[in-house]
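Examination of the molecular architecture
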Amino acid sequence: MGDPVRAYVEAIPPEHRPLFDRVHALIMQAHPDASVGISYKIPTYRVGSSRLYVGVWTHGLSLYGWKQGGEGGFAARHPELVTSKGTIRLRPTDAEALGDDELLDLVRAALAG
């Protein structure tokens, strides 16, 4: 992680850091070739032309950036986590109910290109 990403991560409130670390680790597991930078003031994972934006907010994490239907069916399986077109909002309690495989499927689909 570069300096701007490191600064962002170090500023994450302690109550949200475990969730960010989990999502980051799953992204890197699914796509070890992903590059990470800052776009729109939040960490952005890039694989080829695909982007996955992961922002930490007061509620927890929001994930953005995949093409229409490019979240691997996650939105259909978890409509309560979709807050707008192309946005999944995860509170720590929501994420506790999701297995790593479910989040890995989302990440793989979002960064598949």
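Look up: the structure comes first, before these words.
Residues numbered from 1 in each chain as written. Predicted model: local features only at pLDDT ≥ 70, side-chain atom pairs only at ≥ 80, totals over all residues. Heavy atoms only, no water.

**Some words on the nonpolar core**
With 33 residues, the main nonpolar core has Leu 52, Val 54 and Leu 90 as its most contacted residues. Going through the elements one at a time, α1 (3-10), α2 (17-30), β2 (42-47), β3 (50-56), β4 (61-64), β6 (87-90) and α5 (100-110) are the ones with two or more residues in this core. The leading source of residues in this core is α2, at six residues. Setting aside residues up to four positions removed in sequence, Leu 90 forms contacts with Leu 19, His 59, Gly 60, Leu 61, Leu 63, Leu 81, Leu 98 and Leu 103. (Core = buried A, V, L, I, M, F, W, Y, C linked by side-chain atoms within 4.5 Å. Buried < 20%, exposed > 50% of the residue type's maximum accessible area, 1.4 Å probe, protein only. Helix = DSSP H or I, 4+ residues; strand = E, 2+ residues; numbered from the N terminus. Contact = heavy atoms within 4.5 Å.)

**As for the packing of aromatic side chains**
For the coordinates displayed, the defined rule picks out one aromatic pair. When the ring of Tyr 40 is compared with that of Tyr 53, the centres are 5.6 Å apart and the planes differ by 65°; the resulting orientation is edge-to-face. Of this pair, Tyr 40 sits in the loop between β1 (35-39) and β2 while Tyr 53 is found in strand β3, placing the two residues 13 residues apart along the sequence. (Phe/Tyr/Trp six-rings, centres within 6.5 Å; stacked < 30°, edge-to-face > 60°.)

**Observations regarding the pattern of salt bridges**
Scanning all chains against the criterion turns up six salt bridges. With a shortest N-O distance of 3.4 Å, Arg 6 and Asp 3 are connected by a salt bridge. In this pair, Arg 6 and Asp 3 are both assigned in helix α1, three residues apart and thus about one turn of the helix distant. A relative accessible area of 38% means that Arg 6 is categorised as partly exposed. (Salt bridge = Lys/Arg side-chain N within 4 Å of Asp/Glu carboxyl O.)

**Describing the sheet that holds β2**
Pairing within the open sheet is antiparallel, and its six strands lie in the order β1-β2-β3-β4-β6-β5. Two strands in the sheet have a free side with no partner beyond their single neighbour: β1 and β5 (82-84). Between one strand axis and the next, the sheet turns through 30° on average, direction left out of account. With two bridges joining them, β5 and β6 adopt antiparallel strand pairing. Among the inter-strand pairings, Val 82 is bridged to a residue of β6, identified as Ile 88. (Pairing = 2+ DSSP bridges. Axes fitted to C-alpha atoms, helices over the stretch in contact; angles between N-to-C directions.)

**Considering the pairing of β6**
One ladder, built from four bridges, connects β4 with β6; its direction is antiparallel. The residue bridging Leu 61 from the neighbouring strand is Leu 90, located in β6. Hairpin connection, β5 to β6: the antiparallel pair is bridged by two residues, and Gly 86 has positive phi, about 80°.

**Overview of the environment of Arg 89**
In this fold, Arg 89 is placed in strand β6. A residue is classified by how much of its surface remains accessible, and Arg 89, at 33% relative accessible area, is partly exposed. Note: C-alpha distance between Arg 89 and Trp 57 (32 residues apart in sequence) is 9.5 Å. Not counting chain neighbours up to four residues away, the residues in contact with Arg 89 comprise His 59, Leu 61, Ser 62, Leu 81, Thr 83 and Asp 94.

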